[in-house]
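# Fold and geometry: a report
So the chains spell out like this:
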Amino acid sequence: MASSNKPPVLLDIAEVSKSFGAVNVLRSVSLTVDKGEVVTIIGPSGSGKTTLLRCVNFLESYDSGSIRIDGKEVGFRPGPARDSGARQRRSERDLASMRAETGMVFQGFNLFPHLTAAGNIMLGLTKVRGKSSAEARSIAEHWLGRVGLGHKADSLPAELSGGQQQRVGIARAVAMEPKILLLDEITSALDPELVGEVLAVVRSLAEDGMTMVMVTHEMAFARDASSRIVFMADGGVSAVGPPKEVLAAETTNERLRAFLARFRASHF
Amino acid sequence: MGYTLNFNLIWRHFDKLWGGLLLSLELAVISIAIGIVIGLVLAVWYVSAGRVVRAIIAAYVEFIRNVPLILLVYLVFYGLPTVVDLAYSAQTSFVATLALYSGAYLVEVFRSGLEAVPRGQLDAGKAIGLTPWQRLIHVRLPTMMRITLPALSNTFISLFKDTSVASVISVPELTYGAQWINFNTFRIVEVYLVVTAMYLVTGYALLFALRLVERWYRTAR
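Not measured: the values here are computed from a predicted model. (Residues numbered from 1 in each chain as written. Chains lettered and ligands numbered in written order. Predicted model: local features only at pLDDT ≥ 70, side-chain atom pairs only at ≥ 80, totals over all residues. Heavy atoms only, no water.)

### Let's talk about the overall build of chain A
A tally of helices and strands in chain A yields nine helices and twelve strands. When the backbone C-alpha atoms are referred to their principal axes, chain A occupies close to 60 × 50 × 50 Å. Considering chain A as a whole, with its 268 residues, one finds that 54% of them fall into the buried category. A separation threshold of at least 6 residues defines the contact pool for chain A, and within that pool the share at least 24 residues apart is 63%. In chain A, 32 positive and 30 negative side-chain charges are present, and the distance between their average locations comes to 4 Å. (Helix = DSSP H or I, 4+ residues; strand = E, 2+ residues; numbered from the N terminus. Buried < 20%, exposed > 50% of the residue type's maximum accessible area, 1.4 Å probe, protein only. Contact = heavy atoms within 4.5 Å. Lys, Arg positive; Asp, Glu negative; His and termini not counted. Charge placed at Lys NZ, Arg CZ, Asp CG, Glu CD.)

### Considering the overall build of chain B
Of the regular secondary structure elements, chain B holds nine helices and zero strands. N-terminal to C-terminal, the α/β element order of chain B is α-α-α-α-α-α-α-α-α. C-alpha extents for chain B along the principal axes are approximately 75 × 45 × 30 Å. Buried residues in chain B amount to 45% of all 221 residues. Within chain B, contacts between residues separated by at least 24 positions form 80% of all contacts whose residues are at least 6 apart in sequence. If you sum the accessible surface of chain B, you get close to 11500 Å²; carbon and sulfur atoms cover 68% of it. Within chain B, the 11 negative side-chain charges are centred at a point lying 11 Å from the centre of the 17 positive side-chain charges. (Areas by Shrake-Rupley, 256 points an atom, 1.4 Å probe, with all protein chains shown as cover.)

### Here we look at the UniProt feature "transmembrane region" (unreviewed entry) in chain B
Residues and elements named next belong to chain B. The sites that UniProt annotates as "transmembrane region" (unreviewed entry) are residues 20-47, 59-80, 86-107 and 191-213. When the span residues 86-107 is considered, its composition is 82% helix and 0% strand, and the gap between its end C-alpha atoms is 27 Å. Secondary structure over residues 191-213 splits into 100% helix and 0% strand, and the C-alpha atoms at its two ends are 33 Å apart. (UniProt positions renumbered as here; feature names shortened; annotations may be inferred.)

### Things to note about the packing of aromatic side chains
Pairs of aromatic rings are described using the distance from one ring centre to the other and the angle between the two planes. Residues and elements named next belong to chain A. The tally for this structure, following the rule as stated, stands at ten aromatic pairs over all chains. Pairing Y62 with F76 gives two aromatic rings, centres 5.3 Å apart and planes at 80°, and the pair type is edge-to-face. Here F76 lies in strand β6 (residues 76-78) and Y62 lies in the loop between α1 (49-56) and β4 (64-69), a separation of 14 residues in the sequence. By way of ring pairs, the aromatic residues F58, Y62 and F76 are connected into one cluster. A cation over a ring is seen here: R172 above F112, with NZ or CZ 4.7 Å from the ring centre. (Phe/Tyr/Trp six-rings, centres within 6.5 Å; stacked < 30°, edge-to-face > 60°. Lys NZ or Arg CZ within 6 Å of the ring centre and 35° of its normal.)

### What about the UniProt feature "domain: ABC transmembrane type-1" (unreviewed entry) in chain B?
In the UniProt entry, the feature "domain: ABC transmembrane type-1" (unreviewed entry) is given for residues 21-210 of chain B. Helix and strand shares over residues 21-210 of chain B are 84% and 0% respectively, and the end C-alpha atoms of the span are 19 Å apart.

### Structural notes on the confidence of the model for chain A
With 96% of its residues at a pLDDT of 70 or more, chain A shows a mean pLDDT of 91. Mean pLDDT across the elements of chain A ranges from a minimum in helix α9 (residues 254-267) of chain A, with 81, to a maximum in helix α3 (residues 117-127) of chain A, with 97. (pLDDT = per-residue confidence, 0-100.)

Here you go:
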């Protein structure tokens, strides 16, 4: 068959809308991400990038549309036929096991302050994956080694630099072996000289074939590391395509051109 | 005419004070332990409950905080048995009262601690797939403890001193022991000097121990 070389769709976002009161944060957003793809979402603040990402692991609910990972709807299940199958929010237990299939790295790191670097990684492995603490410890050490922090396993977050904390955050997410990794402006809270070490880790994960969706303002990184770039504006997908197309200076998309121009002016 | 300090009579009856101090500590420990359970359960319930439950818990807290402890002690010891058919000792009565009293204060301490846990940490707990119960046990409560420990220590010290109110219903704790010695020896200055020193030293010892716990908690692996 002709389509046999195409990797399967892993994440399928279909016509997702969401509003906070009178504000439409997401307006019928549709986007699919194939297995192994790295998709970067860019756009002005308030365009709904982070909200969209948070809908993917249901940290935020959405009003309509559907989000499926591996064909399975994330936050809702079909209701009973007598309610004409109206969707129902999954139970908290169900949601927890769905969320274990996605990993997320946050802008503010969000490490658990009372646990060591290794402890942060082990918590999900022992409590969610049911691994023994010895097994979890060796997985944690493996991933800490991968992000260059093998020697910091027993350090508390407060004893680590921002870049180190964020690398622990990445290790914590990937150690769970998620199907997809969500990266929410993970370098925005870092001092400029620490950005590189974090992006290097992301790059190596991409090389391993990890499926990723990331929101970032690092345009150069987005251009180099992404399979596709999505430009969001006013809660909708305004442009999507390979980095070279979307970031081209001669784009006919007015919003995108204005965004890129402003970006170049402030970042170079 | 001069008043000559004479501590001999105090030392002769020191067993009353020593026994009283031990009972004061016992009353405080038991009441606070029950109060912690009340406070934790209600605080966790409060932050996740609807308006009705919140209103009920808030009413309990407001009631306790606006009524003097001594009045509550009288109400529970003298008032309650005349209304309901219950028999209990003065000591039990006081422990129950101080437990309810400390519970109300601790609800407030724990509630503000729970609400101060950064949302990002709860998001992180959700993101790795922890259930609500696991998030409470492994993320929310440990972080809350770090936030509330200093306030908690102050509440404990204050509750320890509140055990002196038990003397009004003749529970033989430290203040009651002091009164007994005063009535029997008339060495009022000496006995209250000694007892003040005993409260002071014990209070400081408690504070020191709690600070050690705080430090241990901050650096625990």
